[in-house]
Amino acid sequence: MNWPSHGANPIKLYKEMNAEQPSSVVDFSVNTNPFGSPDGLRSHLEKSLEKTHSYPDPDIERLHQRLAKQHEINQDHVLVGNGASEIIYLLAQLWQGKRVGIVQPTFSEYQKACEAYGCKVYPIALEEQDQFNLAPSNYEPFLDVIDVLFLCHPNNPTGAIYKPHILQDLIDQCKEKEVVVVIDEAFYDFVADVPFYSPHVIENSNVILLRSLTKMFAIPGLRLGYAVGEPSLIKRMKMYQPTWSVNAFAEEAGLYCLGKSLFQQQTAQAISNEKRSLFTKLKELGYQPMMTHTNYFLMKDPYHADTRVMIEFLLRQGVIVRHTYNFLNLEGRFVRIAIKRKEENDRLLSVLQRWSSLCSP
(Lines give C-alpha, C1' and ligand atoms only; values in the text may rest on other atoms or scores of the structure.)
Protein backbone atom coordinates (compact mmCIF):
# COMPACT_ATOMS: atom_id res chain seq x y z
CA MET A 1 0.00 0.00 0.00
CA ASN A 2 1.44 3.34 -1.10
CA TRP A 3 0.01 5.58 1.62
CA PRO A 4 0.00 9.33 0.92
CA SER A 5 2.78 11.11 2.82
CA HIS A 6 0.40 13.73 4.23
CA GLY A 7 -3.27 14.31 4.92
CA ALA A 8 -5.52 16.42 2.68
CA ASN A 9 -5.11 14.08 -0.28
CA PRO A 10 -8.44 12.21 -0.52
CA ILE A 11 -8.30 11.45 -4.24
CA LYS A 12 -5.02 9.56 -3.89
CA LEU A 13 -6.16 7.83 -0.72
CA TYR A 14 -9.35 6.49 -2.34
CA LYS A 15 -7.34 5.43 -5.39
CA GLU A 16 -4.78 3.55 -3.27
CA MET A 17 -7.60 1.87 -1.36
CA ASN A 18 -9.25 0.93 -4.68
CA ALA A 19 -12.45 2.51 -3.36
CA GLU A 20 -14.95 4.84 -4.98
CA GLN A 21 -15.10 8.27 -3.37
CA PRO A 22 -18.63 9.10 -2.12
CA SER A 23 -20.26 12.30 -3.33
CA SER A 24 -20.06 13.78 0.15
CA VAL A 25 -16.94 13.47 2.27
CA VAL A 26 -15.56 15.14 5.40
CA ASP A 27 -11.78 15.22 5.51
CA PHE A 28 -10.59 14.87 9.11
CA SER A 29 -7.02 14.43 7.86
CA VAL A 30 -6.92 18.21 7.25
CA ASN A 31 -5.96 20.12 10.38
CA THR A 32 -6.47 23.70 9.22
CA ASN A 33 -9.06 25.95 10.86
CA PRO A 34 -12.49 24.29 10.39
CA PHE A 35 -14.21 27.67 10.63
CA GLY A 36 -12.37 28.97 7.58
CA SER A 37 -10.55 32.26 7.08
CA PRO A 38 -11.27 35.57 8.83
CA ASP A 39 -14.25 37.50 7.53
CA GLY A 40 -13.29 39.89 4.78
CA LEU A 41 -10.14 38.11 3.63
CA ARG A 42 -11.61 37.02 0.32
CA SER A 43 -12.89 40.48 -0.57
CA HIS A 44 -9.56 41.96 0.50
CA LEU A 45 -7.73 39.65 -1.91
CA GLU A 46 -10.23 40.36 -4.70
CA LYS A 47 -9.40 44.05 -4.36
CA SER A 48 -5.74 43.13 -4.82
CA LEU A 49 -6.20 41.39 -8.19
CA GLU A 50 -4.20 44.08 -9.99
CA LYS A 51 -1.14 42.71 -8.21
CA THR A 52 -1.18 39.77 -10.64
CA HIS A 53 0.27 42.13 -13.27
CA SER A 54 3.32 43.09 -11.21
CA TYR A 55 6.17 41.19 -9.64
CA PRO A 56 5.85 40.77 -5.89
CA ASP A 57 8.25 42.61 -3.61
CA PRO A 58 11.34 40.33 -3.53
CA ASP A 59 12.07 41.44 0.05
CA ILE A 60 8.48 41.06 1.31
CA GLU A 61 9.23 44.25 3.21
CA ARG A 62 5.81 45.08 4.63
CA LEU A 63 5.22 41.60 6.03
CA HIS A 64 8.72 41.42 7.52
CA GLN A 65 8.12 44.76 9.23
CA ARG A 66 4.75 43.63 10.57
CA LEU A 67 6.13 40.40 11.99
CA ALA A 68 9.11 42.14 13.56
CA LYS A 69 6.77 44.59 15.26
CA GLN A 70 4.51 41.79 16.47
CA HIS A 71 7.45 39.91 18.00
CA GLU A 72 9.09 43.10 19.29
CA ILE A 73 12.36 42.32 17.54
CA ASN A 74 14.42 43.80 14.73
CA GLN A 75 13.49 42.92 11.18
CA ASP A 76 16.73 41.03 10.60
CA HIS A 77 15.48 38.35 13.02
CA VAL A 78 12.65 37.35 10.63
CA LEU A 79 12.46 35.39 7.37
CA VAL A 80 9.16 34.93 5.54
CA GLY A 81 8.81 31.85 3.35
CA ASN A 82 6.55 30.01 0.95
CA GLY A 83 5.03 28.06 3.80
CA ALA A 84 6.94 26.75 6.81
CA SER A 85 7.87 23.79 4.59
CA GLU A 86 10.08 26.01 2.41
CA ILE A 87 11.91 27.21 5.51
CA ILE A 88 12.45 23.60 6.64
CA TYR A 89 14.17 22.92 3.31
CA LEU A 90 16.22 26.12 3.58
CA LEU A 91 17.44 24.96 6.99
CA ALA A 92 18.27 21.50 5.65
CA GLN A 93 20.20 23.11 2.81
CA LEU A 94 22.02 25.36 5.25
CA TRP A 95 23.08 22.36 7.35
CA GLN A 96 23.63 19.90 4.52
CA GLY A 97 25.82 17.00 5.58
CA LYS A 98 25.40 17.80 9.29
CA ARG A 99 24.12 15.54 12.07
CA VAL A 100 20.46 16.23 12.84
CA GLY A 101 18.35 14.97 15.73
CA ILE A 102 14.58 14.82 15.19
CA VAL A 103 12.18 14.30 18.09
CA GLN A 104 9.69 11.72 16.82
CA PRO A 105 6.94 10.79 16.01
CA THR A 106 6.56 14.04 14.13
CA PHE A 107 6.05 15.88 10.84
CA SER A 108 7.78 13.83 8.15
CA GLU A 109 9.17 16.78 6.16
CA TYR A 110 11.99 17.38 8.66
CA GLN A 111 13.56 14.02 7.90
CA LYS A 112 12.73 14.16 4.20
CA ALA A 113 14.38 17.57 3.82
CA CYS A 114 17.44 16.68 5.86
CA GLU A 115 18.04 13.43 4.01
CA ALA A 116 17.65 15.25 0.68
CA TYR A 117 20.67 17.38 1.66
CA GLY A 118 22.81 14.52 2.93
CA CYS A 119 22.29 14.99 6.66
CA LYS A 120 22.69 12.07 9.02
CA VAL A 121 19.42 11.81 10.93
CA TYR A 122 19.22 10.63 14.53
CA PRO A 123 15.64 9.75 15.55
CA ILE A 124 14.93 10.81 19.14
CA ALA A 125 12.00 8.53 19.86
CA LEU A 126 9.20 9.37 22.31
CA GLU A 127 7.19 6.46 23.65
CA GLU A 128 3.47 5.74 23.84
CA GLN A 129 3.83 4.54 27.43
CA ASP A 130 4.93 8.09 28.33
CA GLN A 131 2.06 9.66 26.37
CA PHE A 132 4.73 10.82 23.88
CA ASN A 133 5.96 13.42 26.37
CA LEU A 134 9.50 14.78 26.27
CA ALA A 135 12.02 14.13 29.05
CA PRO A 136 15.79 14.73 29.43
CA SER A 137 16.36 10.99 29.11
CA ASN A 138 15.07 11.22 25.53
CA TYR A 139 17.43 13.92 24.25
CA GLU A 140 20.49 13.93 26.52
CA PRO A 141 22.12 10.83 24.92
CA PHE A 142 22.18 12.63 21.54
CA LEU A 143 23.51 16.08 22.45
CA ASP A 144 27.17 15.15 22.01
CA VAL A 145 26.65 13.76 18.50
CA ILE A 146 24.25 16.18 16.78
CA ASP A 147 24.62 19.67 15.35
CA VAL A 148 20.92 20.53 15.01
CA LEU A 149 17.74 19.38 16.70
CA PHE A 150 14.20 19.60 15.24
CA LEU A 151 11.27 19.72 17.65
CA CYS A 152 7.59 20.23 16.80
CA HIS A 153 5.65 22.05 19.54
CA PRO A 154 2.72 21.45 19.79
CA ASN A 155 3.72 18.20 18.20
CA ASN A 156 2.17 16.93 15.00
CA PRO A 157 0.65 14.30 15.13
CA THR A 158 0.40 13.75 18.90
CA GLY A 159 -0.92 17.19 19.89
CA ALA A 160 1.43 17.20 22.89
CA ILE A 161 2.96 20.32 24.36
CA TYR A 162 5.97 20.02 26.62
CA LYS A 163 6.62 21.37 30.08
CA PRO A 164 8.32 24.79 30.03
CA HIS A 165 11.16 23.72 32.33
CA ILE A 166 11.86 20.70 30.08
CA LEU A 167 12.00 22.87 26.96
CA GLN A 168 14.24 25.41 28.65
CA ASP A 169 16.54 22.65 29.90
CA LEU A 170 16.76 21.29 26.36
CA ILE A 171 17.59 24.75 25.00
CA ASP A 172 20.18 25.40 27.70
CA GLN A 173 21.92 22.05 27.23
CA CYS A 174 21.91 22.47 23.46
CA LYS A 175 23.43 25.94 23.80
CA GLU A 176 26.21 24.54 25.97
CA LYS A 177 26.87 21.85 23.33
CA GLU A 178 26.57 24.37 20.44
CA VAL A 179 23.51 22.63 19.06
CA VAL A 180 20.91 24.72 17.20
CA VAL A 181 17.29 23.99 18.19
CA VAL A 182 14.55 24.41 15.55
CA ILE A 183 11.13 24.60 17.20
CA ASP A 184 8.21 24.31 14.78
CA GLU A 185 5.23 26.09 16.30
CA ALA A 186 2.83 25.71 13.35
CA PHE A 187 -0.09 24.96 15.69
CA TYR A 188 0.79 27.12 18.71
CA ASP A 189 -2.18 29.46 18.19
CA PHE A 190 -4.69 26.61 18.61
CA VAL A 191 -3.62 26.06 22.24
CA ALA A 192 -6.33 27.44 24.52
CA ASP A 193 -6.52 25.19 27.56
CA VAL A 194 -3.08 25.74 29.13
CA PRO A 195 -0.42 28.46 29.09
CA PHE A 196 1.89 27.97 26.12
CA TYR A 197 5.64 28.43 26.51
CA SER A 198 7.49 29.86 23.52
CA PRO A 199 11.19 30.68 23.98
CA HIS A 200 12.33 34.20 23.16
CA VAL A 201 14.95 34.08 20.45
CA ILE A 202 16.77 37.14 21.76
CA GLU A 203 17.46 35.33 25.04
CA ASN A 204 18.11 31.98 23.35
CA SER A 205 20.40 32.66 20.41
CA ASN A 206 20.59 28.95 19.51
CA VAL A 207 16.82 28.76 18.86
CA ILE A 208 14.94 29.18 15.58
CA LEU A 209 11.16 29.35 15.78
CA LEU A 210 9.03 28.34 12.81
CA ARG A 211 5.50 29.63 12.45
CA SER A 212 2.76 28.95 9.90
CA LEU A 213 -0.05 31.29 8.91
CA THR A 214 -1.80 28.64 6.82
CA LYS A 215 -3.22 26.54 9.66
CA MET A 216 -5.04 29.07 11.85
CA PHE A 217 -6.13 31.27 8.95
CA ALA A 218 -7.07 28.38 6.61
CA ILE A 219 -4.98 29.57 3.65
CA PRO A 220 -2.86 26.49 2.79
CA GLY A 221 -3.21 27.17 -0.92
CA LEU A 222 -1.37 30.47 -0.52
CA ARG A 223 1.62 28.95 1.34
CA LEU A 224 2.87 31.32 4.03
CA GLY A 225 5.15 30.81 7.01
CA TYR A 226 8.11 32.44 8.70
CA ALA A 227 11.14 31.87 10.87
CA VAL A 228 12.38 33.92 13.81
CA GLY A 229 16.00 33.51 14.79
CA GLU A 230 19.47 34.91 15.25
CA PRO A 231 20.24 37.43 12.45
CA SER A 232 23.34 35.68 11.11
CA LEU A 233 21.38 32.42 10.68
CA ILE A 234 18.47 34.25 9.07
CA LYS A 235 20.87 35.93 6.65
CA ARG A 236 22.46 32.62 5.67
CA MET A 237 19.05 31.01 5.12
CA LYS A 238 17.97 33.88 2.89
CA MET A 239 20.98 33.25 0.62
CA TYR A 240 19.37 29.94 -0.41
CA GLN A 241 15.85 31.32 -0.87
CA PRO A 242 14.71 31.94 -4.46
CA THR A 243 13.78 35.52 -5.37
CA TRP A 244 9.99 36.12 -5.36
CA SER A 245 9.50 33.03 -3.21
CA VAL A 246 6.42 34.57 -1.59
CA ASN A 247 3.72 35.77 -3.97
CA ALA A 248 1.83 39.04 -3.67
CA PHE A 249 -1.44 37.46 -2.59
CA ALA A 250 0.24 35.51 0.21
CA GLU A 251 1.79 38.74 1.52
CA GLU A 252 -1.55 40.54 1.36
CA ALA A 253 -3.25 37.65 3.16
CA GLY A 254 -0.57 37.63 5.84
CA LEU A 255 -0.87 41.36 6.48
CA TYR A 256 -4.65 41.05 6.72
CA CYS A 257 -4.69 37.98 8.97
CA LEU A 258 -2.06 39.18 11.44
CA GLY A 259 -4.48 41.87 12.53
CA LYS A 260 -7.10 39.30 13.53
CA SER A 261 -6.02 38.34 17.05
CA LEU A 262 -9.63 38.09 18.26
CA PHE A 263 -10.34 35.61 15.44
CA GLN A 264 -7.44 33.48 16.68
CA GLN A 265 -8.62 33.55 20.28
CA GLN A 266 -12.21 32.73 19.37
CA THR A 267 -11.13 29.87 17.12
CA ALA A 268 -8.89 28.33 19.76
CA GLN A 269 -11.63 28.54 22.39
CA ALA A 270 -14.32 27.16 20.07
CA ILE A 271 -12.14 24.17 19.18
CA SER A 272 -11.29 23.60 22.85
CA ASN A 273 -15.02 23.56 23.69
CA GLU A 274 -15.82 21.23 20.80
CA LYS A 275 -12.95 18.95 21.81
CA ARG A 276 -14.41 18.45 25.28
CA SER A 277 -17.79 17.51 23.84
CA LEU A 278 -16.31 15.24 21.17
CA PHE A 279 -14.03 13.42 23.61
CA THR A 280 -16.90 12.79 26.04
CA LYS A 281 -19.01 11.22 23.28
CA LEU A 282 -16.10 9.18 21.88
CA LYS A 283 -15.45 7.69 25.30
CA GLU A 284 -19.14 6.83 25.66
CA LEU A 285 -18.78 4.83 22.43
CA GLY A 286 -15.77 2.95 23.80
CA TYR A 287 -12.97 4.90 22.10
CA GLN A 288 -9.97 6.38 23.91
CA PRO A 289 -8.79 9.59 22.22
CA MET A 290 -5.33 10.62 23.35
CA MET A 291 -4.97 13.85 25.30
CA THR A 292 -4.18 16.80 23.03
CA HIS A 293 -3.68 20.55 23.40
CA THR A 294 -4.41 21.46 19.81
CA ASN A 295 -6.91 20.89 17.00
CA TYR A 296 -6.20 17.21 16.27
CA PHE A 297 -5.67 14.03 18.25
CA LEU A 298 -4.54 10.42 18.01
CA MET A 299 -6.89 7.51 18.55
CA LYS A 300 -6.72 3.74 18.25
CA ASP A 301 -9.28 1.34 16.85
CA PRO A 302 -10.42 -0.47 20.03
CA TYR A 303 -11.17 -3.60 18.00
CA HIS A 304 -8.01 -4.06 15.91
CA ALA A 305 -4.31 -3.50 16.57
CA ASP A 306 -3.90 -2.13 13.05
CA THR A 307 -6.18 0.70 11.90
CA ARG A 308 -6.34 -0.16 8.19
CA VAL A 309 -9.69 -1.95 8.31
CA MET A 310 -11.28 0.90 10.25
CA ILE A 311 -9.80 3.46 7.84
CA GLU A 312 -11.29 1.57 4.88
CA PHE A 313 -14.70 1.45 6.56
CA LEU A 314 -14.60 5.18 7.34
CA LEU A 315 -13.62 5.99 3.76
CA ARG A 316 -16.61 4.08 2.41
CA GLN A 317 -18.79 6.19 4.72
CA GLY A 318 -17.25 9.44 3.45
CA VAL A 319 -15.09 10.08 6.52
CA ILE A 320 -11.37 10.56 5.91
CA VAL A 321 -8.84 10.29 8.73
CA ARG A 322 -5.05 10.56 8.68
CA HIS A 323 -3.16 7.28 8.69
CA THR A 324 0.01 6.99 10.80
CA TYR A 325 2.00 4.39 8.87
CA ASN A 326 4.81 6.85 8.16
CA PHE A 327 5.30 8.00 11.77
CA LEU A 328 7.96 6.43 13.99
CA ASN A 329 6.44 4.62 17.00
CA LEU A 330 2.92 4.97 15.59
CA GLU A 331 3.16 2.79 12.48
CA GLY A 332 -0.53 2.39 11.80
CA ARG A 333 -1.67 1.70 15.36
CA PHE A 334 -3.38 5.10 15.53
CA VAL A 335 -5.30 7.46 13.30
CA ARG A 336 -5.00 11.23 13.55
CA ILE A 337 -8.31 13.06 13.55
CA ALA A 338 -8.87 16.81 13.25
CA ILE A 339 -11.41 18.52 15.49
CA LYS A 340 -13.95 20.24 13.28
CA ARG A 341 -17.32 21.96 13.58
CA LYS A 342 -20.10 20.30 15.55
CA GLU A 343 -22.05 19.04 12.53
CA GLU A 344 -18.92 17.45 11.06
CA ASN A 345 -17.90 15.94 14.40
CA ASP A 346 -21.42 14.52 14.77
CA ARG A 347 -21.01 12.78 11.41
CA LEU A 348 -17.73 11.28 12.62
CA LEU A 349 -19.43 10.05 15.80
CA SER A 350 -22.28 8.51 13.83
CA VAL A 351 -19.92 6.56 11.57
CA LEU A 352 -17.76 5.43 14.50
CA GLN A 353 -20.88 4.25 16.29
CA ARG A 354 -21.69 2.11 13.23
CA TRP A 355 -18.15 0.73 13.28
CA SER A 356 -18.54 -0.21 16.94
CA SER A 357 -21.82 -1.96 16.28
CA LEU A 358 -20.19 -4.03 13.52
CA CYS A 359 -17.15 -4.95 15.63
CA SER A 360 -18.70 -5.48 19.04
CA PRO A 361 -19.46 -9.08 20.01
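Attention here is on the structure that accompanies the text. (Residues numbered from 1 in each chain as written. Predicted model: local features only at pLDDT ≥ 70, side-chain atom pairs only at ≥ 80, totals over all residues. Heavy atoms only, no water.)

## Digging into the layout of surface pockets
1) Next: Roughly 560 Å³ of volume is contained in the largest pocket.
2) Next: Contributing to the lining of the largest pocket are 28 residues, with His6, Asn31, Phe107, Lys215 and Arg223 lying nearest its centre.
3) Next: Mapped onto the lining of the largest pocket, the elements with two or more residues apiece are helix 4 (83-94) and helix 5 (109-116).
4) Next: Element by element, the count of residues in the lining of the largest pocket is highest for helix 4, at 4 residues.
5) Next: Within the lining of the largest pocket, the residues separate by chemical class into 11 nonpolar, 11 polar and 6 charged.
6) Next: Here the second largest pocket defines a volume of roughly 320 Å³. (1 Å grid on protein atoms, 1.4 Å probe; cavity = no way out; pocket = protein on both sides within 12 Å on 5 of 7 lines; lining within 4 Å. Points joined across faces, edges and corners; volume = space filled by probe spheres on them. Helix = DSSP H or I, 4+ residues; strand = E, 2+ residues; numbered from the N terminus. Nonpolar A, V, L, I, M, F, W, Y, C, P; charged D, E, K, R; others polar.)

## Re the packing of aromatic side chains
1) Next: Taken as a whole and assessed by the stated rule, the structure comprises 10 aromatic pairs.
2) Next: Centroid distance Phe132 to Phe334: 6.2 Å. Interplanar angle 70°. Geometry classified as edge-to-face. Of this pair, Phe132 sits in the loop between strand 4 (120-125) and helix 6 (136-139) while Phe334 sits in the loop between strand 11 (322-323) and strand 12 (335-338), and the two are 202 residues apart along the sequence.
3) Next: The class for Phe132 is buried, based on a relative accessible area of 0%.
4) Next: Each ring, one from Phe279 and one from Phe297, has its centre 4.9 Å from the other, and the planes form 75°; the classification is edge-to-face. Of the two residues, Phe279 sits in helix 10 (residues 261-284) while Phe297 sits in strand 9 (residues 296-299), which places them 18 residues apart along the sequence. A single burial state applies to Phe279 and to Phe297, both of which are buried.
5) Next: Aromatic ring contacts, followed pair by pair, group Phe107, Tyr110 and Phe150 into a single cluster.
6) Next: If you follow Lys120 out to its NZ or CZ, it ends over the ring of Tyr122, 5.2 Å from the centre.
7) Next: The lysine or arginine in question, Arg211, covers the ring of Tyr188, its NZ or CZ lying 3.6 Å from the ring centre. (Phe/Tyr/Trp six-rings, centres within 6.5 Å; stacked < 30°, edge-to-face > 60°. Buried < 20%, exposed > 50% of the residue type's maximum accessible area, 1.4 Å probe, protein only. Lys NZ or Arg CZ within 6 Å of the ring centre and 35° of its normal.)

## A closer look at the pattern of salt bridges
1) Next: Under the criterion given, the structure shown has 13 salt bridges.
2) Next: Here Asp144 and Lys177 are joined by a salt bridge, their closest N and O atoms 2.8 Å apart. Remark: Lys177 occurs in the loop between helix 7 (164-176) and strand 6 (180-184) and Asp144 occurs in the loop between helix 6 and strand 5 (148-152); sequence separation between them is 33 residues.
3) Next: Since its relative accessible area comes to 56%, Asp144 is described here as exposed.
4) Next: When the shortest N-O distance is used, the salt bridge between Asp346 and Lys342 registers 2.7 Å. Taken as a pair, Asp346 and Lys342 lie in helix 12 (residues 342-359) at a separation of 4 residues, close to a single helical turn.
5) Next: Lys342 sits in the partly exposed class, given a relative accessible area of 45%.
6) Next: Each of the salt bridges in this network shares a partner with another, and the network as a whole consists of Lys51, Arg62 and Glu252. (Salt bridge = Lys/Arg side-chain N within 4 Å of Asp/Glu carboxyl O.)

## A word on the sheet that holds strand 6
1) Next: The strand order across the open sheet built from 7 strands is 2-8-7-6-5-3-4, with neighbouring strands paired in mixed fashion. Each edge of the open sheet carries a strand with a single partner, namely strand 2 (78-81) and strand 4. With direction set aside, neighbouring strand axes in the sheet form an average angle of 20°.
2) Next: Here strand 7 (residues 207-212) runs beside strand 8 (residues 225-228); their pairing, made up of 4 bridges, is antiparallel. When the sheet's bridge partners are listed, Leu210 is paired in strand 8 with Ala227.
3) Next: The strands touched by helix 3 (residues 61-71) within the sheet are strand 2, strand 7 and strand 8, with strand 2 carrying the most contacts at an inclination of about 130°.
4) Next: On top of the sheet, helix 7 reaches strand 5, strand 6 and strand 7; it is set at about 165° to strand 5, its chief contact. (Pairing = 2+ DSSP bridges. Axes fitted to C-alpha atoms, helices over the stretch in contact; angles between N-to-C directions. Contact = heavy atoms within 4.5 Å.)

## Comments concerning the sheet that holds strand 11
1) Next: The strand order across the open sheet built from 3 strands is 9-12-11, with neighbouring strands paired in antiparallel fashion. In this open sheet, the two strands that pair with only one neighbour each are strand 9 and strand 11.
2) Next: Here strand 11 runs beside strand 12; their pairing, made up of 2 bridges, is antiparallel. Note that in strand 12 the partner of Arg322 across the bridge is Arg336.

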